[in-house]
Each structure stands twice: as structure tokens, then as C-alpha cells.
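In case you want the letters, here they are:
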2 protein chains.
Amino acid sequence: MSFAVRIVLVEPSHPGNIGASARAMKTMGFDQLVLVAPKDFPSAEATARASGADALLRQARIVESLNDAIADCAFVVGASARSRSLAWPTIGPRVYAETVKAQLAQGNVALVFGPEQSGLTNEDMARCHQLVQIPANPEYSSLNLAMAVQVLCYELRMAQPGGDGLSHDGAETRDAPLATADELNGFHEHMESVLTAAGFINEDHPKLLKLRLRRIFHRSRLDQTEINILRGMLKALDPRVIGSQQDKE
Amino acid sequence: MSFAVRIVLVEPSHPGNIGASARAMKTMGFDQLVLVAPKDFPSAEATARASGADALLRQARIVESLNDAIADCAFVVGASARSRSLAWPTIGPRVYAETVKAQLAQGNVALVFGPEQSGLTNEDMARCHQLVQIPANPEYSSLNLAMAVQVLCYELRMAQPGGDGLSHDGAETRDAPLATADELNGFHEHMESVLTAAGFINEDHPKLLKLRLRRIFHRSRLDQTEINILRGMLKALDPRVIGSQQDKE
């Protein structure tokens, strides 16, 4: 049993955590590791902590940005360490495991972890379809990065029946392929440009509103047909286009 | 929520693993650590890896034998790393969590982990009432000691109803009440009226498109704040409003 789920570590600071994460992944049957701008890698400490999982480290893909890491993914889950100023809806690990199991039939899935000290930024979380939070002691909720990788990979393994490959029970049935992160991003940029032209997004404080809108559409897991419908809608509502049509009349 | 379950590490070799185990315990609300004949303790490395859980290390009880560690326990669970020449019956982590939860009312409970390289001896396993095995990749089942502590403490925490910081596992946490069916309907009627005015919804065959749009927003489970944002957006994009503003200019 091996899992087609990509583990993405965003800007990990400590090479020991990269190695320990690789080991944790391998014990649970995962082998796709992507590192976004790691501070110190490759490193002897990472290799030592990986123990027998050093091949997985050597095959790790290193990219510049989270976007590069998840561009071809249809479902992206972020690991959320603690509560934020902007309260993001989070799910627990059991629901996460069932959700990912169902999504694996639809396309590539990424599980994203933020830097040790700060966790995922609001911008990174806005790129996730779901956020999962590991229940923890409210007085000391600071799980080590590799420990969080271990627990969430373990939950996915536990969600498989038997251990003889993935069951597709519970898989969503869809009439069109799910949109990739790139397609979704294109839609959001289109929407933001239209809303800026309409004066709805105020350039002085656009960030929170854009994040909220992205969150709404991420949650609804758009497929490609739906992206086309929504982009057609944006075109019809674009005040710049409406303006130019009126000029012609 | 704190757990009256004692975590016993038998002859741990690496002080880093002792520290990481203490941190793992504390994140899940456990604070009773017993070390049986540790090779190297106290140690600066243990303290460093314990991060904020160093108080738990200072309070750790150090004993000579497993017997001393579990003498007053009514229920002892051993963590079994791999299969043995002598096949011991093992249970999975979910059954273990339910079992321990039930036993906690009866008396002290200990969860025992063997040395990193060799695991529990047959003699040690014979002192356990149950053995729990964490499912793992059969080709690489070597979980780090502290990772096993993390997973088994996590399973116990997950087995408690409610006290996990999330309202209950599976429920999304939201920052505003979910929109009612009426509010959602009001939003959709508003959207349909704007889209009809913009010529996007063709009055000859509007039904399928309307349904598709409703489906998209139903899936994203909008809350009341989001409904207000989206209705504000529709107002900004309404060609009738834009038209009347242009008339005034």
C-alpha cells in the first residue's frame, strides 16, 4: 500500500525535522516529499534523522513557492497549528482522512505544513481547500513538525480498509474533472480584476476580502465546467466590458 | 483535560528521544513519564528536544526495572513494534484507545515502550495485559520511539468526547453562523436577477444554469458574513446600478 498524497513542507527551518518527516512518511507508506524553499537542505542532519528513509529525501522535489508545489493538485489540505485572527474553518483528523480518501480518486492531493515557528500564512491557507487541526492540549499545543506529519499520515493509513490498496468507497462522483490549483488561481485573479474595476475591492485594504472570497470558492471544490461558467459570468458582469458595449451602442 | 496514564520508556538509548517523547506527551495532555534505566539522562539534548515540556522531564521518575515502573498499575499496555518469533496477540490503536478509556476508571494505567533498537523483550511483554501495534508500512515499519508515543497519546486524546479543543471531531469551526436556507435563497434570487440583467442568464433556457450556480454555492456552505460579502459584490456588479450611476454622471 503506497499513498499518492504529496507531503509539502513550506520553508522548514530545521533539517532534522525534514529527515524525521521523511522517516514518518515512509513508515506510513508515503513517498512524495516536496520542500518549498528549505533553509538548510540537503544536510547531514536530515539524512541522519531520516534513518532508513534517506532514499525518500534524495527524491524530494525542491521548489521556490507553494504554488509550484501544488500547481497540478485537485485537492489541497493545510495543517493548521492554532487559531488565527481570521478564524479559518478546520476539520478534525478523522474527517480529514475520510475526505482525502474520497478525493484521491479525483486527482492529485497535497498535504501542506507551514514553517515550524509560524505555521501557514493566511495567503497559504487561502490556497487550501480544507484545513485540518490535530486536537492538542490547549495549554501546550506545539506539536513538532515531523510529529504532525506522522499523525496525519497515520490517520490516512488507518482510514484504508485492510491494507490492500485504496478502496474507492465514498469517492465523490463528478461530471467533470476537478479544477487544478492553477485553474482556480486563474479564476480568482479574473474575479479580483473584475471586482477591482467595479470598485468592490478597495485597493487600500483588499487582502482580507480577497482571502474570504478565495476561501468561499475553495470550499466548493469547483470542477472545470463550473470554472468556465463562473468565468463566463465574470465576463458578463465586467463593468469595463459593459462600458465598452455601451460606447458602441 | 489531563490523562492519568503513565508513559513508561524502558531503557531508552537516545536522550533526544526522551525529550521528544516528553514534548509529544505534553501536546496531548499527558504528564506522567517514567524512565526505566535510561542510558543517558538527564541530558542537554533531552531538554532541548523537549522544547517547552522540560518541566515534565524534571518530574520524570527514574526506576531500575519495569516491575518498579508498573507495580501499582491495574492495566498495562505494551507498544509492540513488529512481529516476533513468539506471536503475541496485538490490538490496533482504536481498540487500544477504547480499552484504556474503559480501564482508567478501574485504576492506574501504564503504556510501555521498549528500547529503540530491540523493542520490548518477551519477558516485558508478558507483564502487559494488552499489546498495541501501530499499523505501518510492512517494508519499513520502524517508527521512531517518540513518534510512537505521539501516535498512541494522540489516539487516547481522540477517544475522549469533546475535550479536544475542537467542539467535536468532524465539526467545522466557523466564525459566523451558517446561512439559513432562506438567506441562501435570497442570495440566489439576487444573483439570478443581476445575471439576467447582465444578459448572462438567457430567459429561454435559464434552468440548468441556475441550478448549476446554486449547486456551487450550496457546496461551499456559506455563513452569514459570507452571504453579506457576496450580496455586496452583486450590488457592485449590477449593470442596472452601474447604468443608473452613469446616467447621473
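Residues numbered from 1 in each chain as written. Chains lettered and ligands numbered in written order. Predicted model: local features only at pLDDT ≥ 70, side-chain atom pairs only at ≥ 80, totals over all residues. Heavy atoms only, no water.

## Let's talk about the confidence of the model for chain A
Residue and element names in this part refer to chain A.
Then, in step 1: In this model, chain A carries a mean pLDDT of 85, and residues with pLDDT of at least 70 account for 87%.
Then, in step 2: Predicted confidence is poor over residues 163–173, with pLDDT under 50, and the contacts of this stretch with residues over four places away or in other chains come to 18 contacts.
Then, in step 3: Both scores are available for the predicted complex, with the pTM at 0.73 and the ipTM at 0.70. (pLDDT = per-residue confidence, 0-100. Contact = heavy atoms within 4.5 Å.)

## Topic: the environment of W88(B)
All names here are of chain B.
Then, in step 1: With respect to the secondary-structure elements, W88 resides in the loop between strand 4 (73–79) and helix 5 (93–103).
Then, in step 2: For the pair W88 and M125, spaced 37 residues apart in the sequence, the C-alpha separation amounts to 8.4 Å.
Then, in step 3: When neighbours within four sequence positions are excluded, W88 is seen to be in contact with N122, M125, A126 and L131. (Helix = DSSP H or I, 4+ residues; strand = E, 2+ residues; numbered from the N terminus.)

## A short note on the sheet that holds strand 3 (residues 61–63) of chain B
Residues and elements named next belong to chain B.
Then, in step 1: Taken in spatial order, the six strands make up an open sheet running 3-2-1-5-4-6, and their pairing is parallel. Looking along the sheet, the strands with just one partner apiece sit at the ends: strand 3 and strand 6 (130–132). Pairwise comparison of adjacent strand axes, ignoring direction, gives a mean angle of 25° for this sheet.
Then, in step 2: Sheet topology places strand 1 (residues 3–10) next to strand 2 (residues 30–36); six bridges connect them, and they run parallel. Considered in strand 2, the bridge of V8 is made with V34.
Then, in step 3: Of the strands in this sheet, strand 1 and strand 2 touch helix 1 (residues 15–27), which is tilted by about 155° from strand 2.
Then, in step 4: The sheet contacts of helix 5 involve strand 1, strand 4, strand 5 (108–113) and strand 6, and relative to strand 4 the element is tilted by about 165°. (Pairing = 2+ DSSP bridges. Axes fitted to C-alpha atoms, helices over the stretch in contact; angles between N-to-C directions.)

## Points about the domain arrangement of chain A
Residue and element names in this part refer to chain A.
Then, in step 1: Here chain A is described as being made up of domain 1 (3–158) and domain 2 (181–248).
Then, in step 2: The centre of domain 1, based on its C-alpha atoms, is set 30 Å off from the matching centre of domain 2.
Then, in step 3: The interface is formed by 17 residues belonging to domain 1 together with 13 residues belonging to domain 2.
Then, in step 4: For the pairing of domain 1 and domain 2, the buried interface totals around 1300 Å² over both sides, and the portion due to carbon and sulfur atoms is 56%. (Domains from an automatic or database assignment. Buried area = accessible area lost by both parts, 1.4 Å probe.)

## Observations concerning the nonpolar core
Then, in step 1: Within the largest apolar cluster, 94 residues are counted, with the highest numbers of intra-cluster contacts made by I7(A), L33(A), I7(B) and L33(B).
Then, in step 2: Among all residues touching L33(B), those that are not within four sequence positions of it are I7(B), L9(B), I18(B), A22(B), M25(B), L56(B), L57(B), A60(B) and R61(B).
Then, in step 3: Within the second largest apolar cluster, 39 residues are counted, among which are A179(A), L213(A), V194(B) and L230(B). (Core = buried A, V, L, I, M, F, W, Y, C linked by side-chain atoms within 4.5 Å. Buried < 20%, exposed > 50% of the residue type's maximum accessible area, 1.4 Å probe, protein only.)

## What about the packing of aromatic side chains?
Then, in step 1: Following the criterion strictly, the structure yields three aromatic pairs over all chains and no others.
Then, in step 2: Taken together, a centroid distance of 5.5 Å and an interplanar angle of 70° make the contact between F217(A) and F217(B) edge-to-face. Here the residue F217(A) occupies a position in helix 9 (residues 207–219), and F217(B) occupies one in helix 9 (residues 207–219), the pair thus bridging two chains. Of the two residues, F217(A) and F217(B), both sit in the buried class.
Then, in step 3: Measuring from centroid to centroid gives 5.2 Å for F187(B) and F217(B), while their planes differ by 80°, and the two rings are edge-to-face. With F187(B) in helix 8 (residues 181–197) and F217(B) in helix 9, this residue pair connects regions lying 30 residues apart in the sequence.
Then, in step 4: For F187(B), a relative accessible area of 1% translates into the label buried. (Phe/Tyr/Trp six-rings, centres within 6.5 Å; stacked < 30°, edge-to-face > 60°.)

## A word on the side chain of E116(A)
Residue and element names in this part refer to chain A.
Then, in step 1: Secondary-structure assignment places E116 in the loop between strand 5 (108–113) and helix 6 (122–126).
Then, in step 2: A polar atom in the side chain of E116 sits 2.8 Å from the backbone nitrogen of S13.
Then, in step 3: At a separation of 2.9 Å, a polar atom in the side chain of E116 contacts the side chain of N17. (Polar contact = N/O pair within 3.5 Å; in protein donor to acceptor, adjacent residues only side chain to side chain.)

## Thoughts on the sheet that holds strand 1 (residues 3–10) of chain A
Residues and elements named next belong to chain A.
Then, in step 1: Pairing is parallel across the open sheet formed by six strands, whose spatial order is 3-2-1-5-4-6. The open sheet has two edge strands, strand 3 (61–63) and strand 6 (130–132), and neither has a second partner. Taken over all neighbouring pairs, the strand axes of this sheet differ in orientation by 25° on average, direction set aside.
Then, in step 2: When strand 4 (residues 73–79) meets strand 6, the two strands line up parallel, connected through three bridges. Residue A79 lies in a different strand from strand 6, and its bridge partner there is V132.
Then, in step 3: Where helix 7 (residues 145–158) meets the sheet, its contacts fall on strand 1, strand 2 (30–36), strand 4, strand 5 and strand 6, and the angle it forms with strand 1 comes to roughly 165°.

## Some details on helix 10 (residues 224–237) of chain A
Then, in step 1: Here helix 10 of chain A is 14 residues long and its end C-alpha atoms lie 20 Å apart, about the 20 Å a rise of 1.5 Å per residue gives.
Then, in step 2: Of all the positions in helix 10 of chain A, only E226(A), I227(A), I229(A), L230(A), M233(A), L234(A), A236(A) and L237(A) are classed as buried. (Expected span 1.5 Å × (residues − 1).)

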